[in-house]
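The residues making up each chain are set out below.
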Amino acid sequence: MRLFRVLAARLRGLFRREAVIRDIDEEMRLHVEMATEANIERGMSPAEARRAALRSFGNLDSLRARAYEVRGGGMLETLLRDVKYAARAMARRPGFTAVAALTLAVGVGANTAIFSVVEAVLLRPLPYRHAERTVVVWEHNRAGTRPRNVVSPANFLDWRDQSKSFEEMAAFFDNRYNLTGAGEPEEVPAQVATPNLFSLLGAEAALGRTFSPDDSEAGSDDVAVISHGLWQRRFGGSPDVIGRAVTLDGESLTVVGVMPPDFKWFIKEMSRTGKPAEIWMPWTLNEGHRIRRGRYVSVVGRLAPGATVEQARAELDAVASRLESEHAEFNKNWGVRLVPLREQLAGEIRPALLVLLGAVGSVLLIACVNVANLLLARAAGRHKEIAIRAAMGAGRRRLIRQLLTESMMLALLGGALGLLLSHWCVEALVALSPANLIDAGQVGVNLPVLGFTLGLSLLTGVIFGLAPALEASRLSLTESLKESSRGNAGDRRGRRLRDVLVVAEIGLALVLLVCAGLMARSFMRLQAVDPGFDASNLLTMRVLLPQPKYPEDAQVVTFFRQAVANLRTLPGVQAAGAVSALPFADLGAATNFTVEGRPAPPPGEDLSTDVRVVDEGYFRTMNIPVVAGRTFTEQEAAENRRVAVINEAMARVYFAGENPIGKRILVNMTDPIVPTEIVGIVGDARYDKLEGELRPMVYWTPPQLAYNSMTLVLRASGEPEALAAAARRQVQAIDKDQPVADVRTMESWMSESVSRARFGALLLGGFAVLALFLAAVGVYGVMSYSVAQRRNEIGVRMALGAQARDVLRLVIRQGLAPVLAGVGLGLLGAFALTRVLSSLLYGVSTTDPLTFAGIALLLTLVSCAACYIPARRATRVDPLDALRYE
């Protein structure tokens, strides 16, 4: 019985198919006759008219199959037929398919590349346990300029003891140490942390163990945990590294653990080294750390279950208020600031990434508009085919579904090419990005990125395919079948739609170009800032002396004086000096001070200044001008004569209207605090970053404050890199075990300081240029199609006496109308949207009139060029040829 029912159903389907085909054949004969008559009216012979009618309808068998699909096919069968038909249509027009797919690939590839970075930085779960409950805790000086400041160890201990909202809190600080022993001596970035740091983060060692509570006991801090990179580089990845000794600054530590390769605990804003730590050591906090002096540690905490950031903030604010009352001389005006870990890690790059994501989204929309215009132009040539399908019974919904299937197929092809393109884009992003901005190991194409690309491809298929599908399916069946071959202005509704699309892409392009222009001007303003010194031909190198080997200040001073003297003997060296914290390379030191003879300021209103230690040759080497008085003498740089040099900002802020030369200041950097006499004023030099206000600065000599880490600076008469090897040998001639780190030019340090601004301006500028190119191509395509459609109209105008310049003016005027509308709308959009760039700009207003006017003019001129080429072609239309069949 079942077999009989199946056979009966098959027979019914066969009879139904035959009936449908008979109906189709009858309809086909009718439409062929109508088309033949129309062709005869155009002047064709009956035989030619018949053949042209048959050719215009294509293959009858395929039409029968499509008609049967419309009237009786199942959903899945219909979809498969649509897909096959779309594939054949794409294959029949390889040029159109290639142009459309490549246009989409550019937009999809750029979006996928940027999204892969966004996913890695902003969306991917952080590799720390309970990261959603982890916060970074800063101190905040309400009267100062830094909203996030490192923490006093004494305040950290009080927070930890008195807070209930935190399940755990840990403190750490970054430092540099000399690693000696097996292999060449080298300087390594390290982190000294309370033993619970790893447990708070939920980080486990790949080999051995992390710190235990016992490591915090006195005498038990001679252990170390090393990074996977250091293990591979220094110990060759040997599994017996556990229990082996490493020598840091002359002290032996036992390796107890190796971290996994993907562990990275690095917060640049807190780091004094600027690099992720490669070795960790336990930090023992005792009662001596409750003495309130100095702020230098970073604090991270994990909230208790159920506690919120707001509750923890309110609790720590109350603790800070008590500490401010109890220790007013140290904590006056100092509060607490909590920052969620995600926000802390992504804070610097988040605004730039969101701007770039919006930029590539605009590029994709412009690409979609271009493809939509291509489809509209193609649909104009398919009116007869669509009319035949409608005559055979296909409803408008069915026609839209078929056309959307073709759009989806095209979008998926563009998405596949875009995914391939995104691989190279990601590599380029990582290569161009500043150090520690994008982690090459984290960014890549994974399942979320693949899902994003697939969804984006389907969405673009709908975006650029829906409007052409709606327009193409809205037709007059009789008129479409009778339509003659004479050229006309095309369907008025379709022309309006194309104009709207041009307006949209011009507006998007202008917004993107304005944003790029603002970023470019901001970067140019930033690079034009005078740093206060001459960075050309400067070579720098940092030397860190191990404290156990050089325990006395006199030994430290003698080493660096000898090193500078050796550098001055090198051929090609014009000058050499030393500084405790190089501009744009180190954080340096800041403290408070008082002026002798003035009343002490009230608590919380201390006078603050940065402090640098330099020798007598530093100012000459850096070409920092002397404004008043003098700099240090050779004797003052060798012996503690208690003298100081200040910068112009110091004189301007704290000695306005008086001469600071000869005055004595007490700077809180030594114990005991002793007065130093100001002997000179030098020009302002920028040390932290090019943007921002200049900070007051006090310069001391090495005998007054002997730093065991100094950066040696030498000025070369030629290329400074050529002196690197010789300079390194001169330093190691004093101590062969002494490593020399960061041997590089001053210009490279300055370039790195603006690398993030340059990265953002470069990417946004590249996307803007791409948008400009796509917009110009879109305008050119629309105008070319319009001229082709209006060929006969132009011929009539020229036959009636219109001159070439009249036709040129007409075409350009009509082409520029939507362009100017798009420019107007784009300017309004740019005024509203560029405000999001305010935190990324320097020295440029978000509504800078020069940028807005220049970009609007540029886009208009480019669009004029895109209109001129088709308009010029229109002037060459032969009236006789155009009117041949009129």
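Structure report, in brief. (Residues numbered from 1 in each chain as written. Predicted model: local features only at pLDDT ≥ 70, side-chain atom pairs only at ≥ 80, totals over all residues. Heavy atoms only, no water.)

## Looking at a positive patch on the surface
Piece 1. Taken together, the side chains of Lys84, Arg88, Arg92 and Arg93 make up a positively charged region of the molecular surface.
Piece 2. For Arg93, a relative accessible area of 30% corresponds to the partly exposed category. (Patch = residues over 30% accessible without salt bridge, like charges linked within 9 Å, V, L, I, M, F, W, Y side chains within 5 Å. Areas by Shrake-Rupley, 256 points an atom, 1.4 Å probe, with all protein chains shown as cover. Salt bridge = Lys/Arg side-chain N within 4 Å of Asp/Glu carboxyl O. Lys, Arg positive; Asp, Glu negative; His and termini not counted. Charge placed at Lys NZ, Arg CZ, Asp CG, Glu CD. Buried < 20%, exposed > 50% of the residue type's maximum accessible area, 1.4 Å probe, protein only.)

## Some thoughts on the sheet that holds strand E11 (residues 538–544)
Strands in a sheet are paired, the pairing made by backbone hydrogen bonds, and the direction either parallel or antiparallel.
Piece 1. Judged by pairing direction, the sheet is antiparallel, and its four strands sit side by side in the order E12-E20-E11-E21 without closing on themselves. Every interior strand has two partners, whereas the edge strands, strand E12 (573–579) and strand E21 (741–745), have only one. Looking at each pair of strands side by side, their axes are set apart by 15 degrees on average, direction ignored.
Piece 2. When E11 meets E21, the two strands line up antiparallel, connected through three bridges. For Thr540, the partnering residue across the bridge sits in E21 and is Arg744. (Pairing = 2+ DSSP bridges. Helix = DSSP H or I, 4+ residues; strand = E, 2+ residues; numbered from the N terminus. Axes fitted to C-alpha atoms, helices over the stretch in contact; angles between N-to-C directions.)

## Some points on the pattern of salt bridges
Piece 1. What the rule picks out here adds up to 35 salt bridges.
Piece 2. A salt bridge links Arg568 to Glu616; the nearest nitrogen and oxygen atoms lie 3.8 Å apart. Here Arg568 is found in helix H18 (residues 553–568), whereas its partner Glu616 is found in the loop between strand E14 (607–613) and helix H19 (618–622), with 48 residues between them in sequence.
Piece 3. With a relative accessible area of 36%, Arg568 lands in the partly exposed category.
Piece 4. Between Glu752 and Arg744 there is a salt bridge whose closest N-O contact spans 3.0 Å.
Piece 5. Classification of Glu752 by relative accessible area gives partly exposed; the value is 37%.
Piece 6. For Arg744, a relative accessible area of 21% puts it in the partly exposed group.
Piece 7. When salt bridges with common partners are traced through the structure, they connect Asp158, Arg160, Asp161, Glu287, Arg290 and Arg292 into a single cluster.

## Points about the environment of Arg715
Piece 1. Here Arg715 shows up in strand E20 (residues 709–716).
Piece 2. A sequence separation of 140 residues divides Arg715 from Ala575, and the C-alpha atoms of the two residues are 5.3 Å apart.
Piece 3. Each residue touching Arg715, except ones within four places of it in the same chain, is listed here: Asp534, Ser536, Asn537, Leu538, Gly572, Val573, Gln574, Ala575, Thr621, Met622 and Asn623. (Contact = heavy atoms within 4.5 Å.)

## Concerning the nonpolar core
Piece 1. Tyr699, Met746 and Phe767 are the most contacted members of the largest nonpolar core, which has 98 residues in total.
Piece 2. The residues touching Phe767, leaving out its near neighbours within four places in the chain, are Ala110, Ile114, Leu356, Ala359, Val360, Val363 and Leu512.
Piece 3. Within the second largest apolar cluster, 43 residues are counted, among which are Phe560, Ile681, Leu705 and Ala727. (Core = buried A, V, L, I, M, F, W, Y, C linked by side-chain atoms within 4.5 Å.)

Don't take any of this as a statement about function, it's just geometry.
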